[in-house]
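Take a look at the letters that make up each chain.
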Amino acid sequence: IKQRLGGSTAYGRAMANIDSSLGPVGTDGSGTEQTLLSVTLAANTLSVVGDKVDIYAVVYAAANARAKTITLKFGATTLVTNDITPAPNGVIITLEARVLLVAAATQFSSAKAVCGTVNQTPVIINPTETASGAIIISVKGTDFPAPPPGAPNDILAYVLYVNQN
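Values in this document were obtained by computation on a predicted structure and should not be read as measured data. (Residues numbered from 1 in each chain as written. Predicted model: local features only at pLDDT ≥ 70, side-chain atom pairs only at ≥ 80, totals over all residues. Heavy atoms only, no water.)

A.B. asks: What exactly am I supposed to notice about the pairing of strand 13 (residues 155–164) here?
C.D. replies: Consecutive side chains of a regular strand alternate in pointing toward one face of the sheet and then the other. In terms of burial, strand 13 is a largely internal element, eight of the ten residues being buried. Summarising the sheet, strand 5 (residues 52–61) and strand 13 pair through nine bridges and their orientation is antiparallel. When the sheet's bridge partners are listed, Asp 54 is paired in strand 13 with Asn 163. (Buried < 20%, exposed > 50% of the residue type's maximum accessible area, 1.4 Å probe, protein only. Helix = DSSP H or I, 4+ residues; strand = E, 2+ residues; numbered from the N terminus. Pairing = 2+ DSSP bridges.)

Printed below as a string of structure tokens:
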């Protein structure tokens, strides 16, 4: 699919929303990693070298001092997490990634996360998901109950968008 680029006569590949998952969906306070939102990328969505998807997620971390880990995954591969801010407190966290097919079972990913106003470590990684099969893209959360018990909804995932362009 092509679309006109701005007011010019040039055309480029159109961006298409593959799928989205909407919340809020929260953690249960158990201290275990939980899938909060997910989108299944259909088999062969990334079928030609150069095909890519853009991923965007928005999460809220409750206003308390407990440690919380928020992770954006592409299949079994962790794309990015909140590594610099291990106990986000009352902030919005955004996670973004672009995944590009470079071979049949090899992708290239560039990802970033921001907790409130604090940039987390950007990650460049090569996932090795089989593009001919379905790939689950997910936002996962782990709330660490300290002291136990933890509280439900320490992490609330609000949106996960997956676009192809």
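A.B. asks: Please explain the pattern of salt bridges as it appears in this structure.
C.D. replies: Should their charged atoms come close, side chains of opposite charge can pair. Inspection of the entire model under this criterion finds two salt bridges. A salt bridge links Arg 98 to Asp 54; its shortest N-O distance comes to 2.6 Å. Remark: Asp 54 occurs in strand 5 and Arg 98 occurs in strand 8 (residues 91–103); sequence separation between them is 44 residues. Assessed through its relative accessible area of 38%, Arg 98 is described here as partly exposed. Residue classification places Asp 54 among the buried residues on the basis of a relative accessible area of 15%. Between Arg 66 and Asp 154 there is a salt bridge whose closest N-O contact spans 2.7 Å. You can see Arg 66 sitting in the loop between strand 5 and strand 6 (68–74) and its partner Asp 154 sitting in the loop between strand 12 (135–143) and strand 13, a full 88 residues away along the chain. Residue Arg 66 is classed as buried on the basis of its relative accessible area, which comes to 18%. (Salt bridge = Lys/Arg side-chain N within 4 Å of Asp/Glu carboxyl O.)

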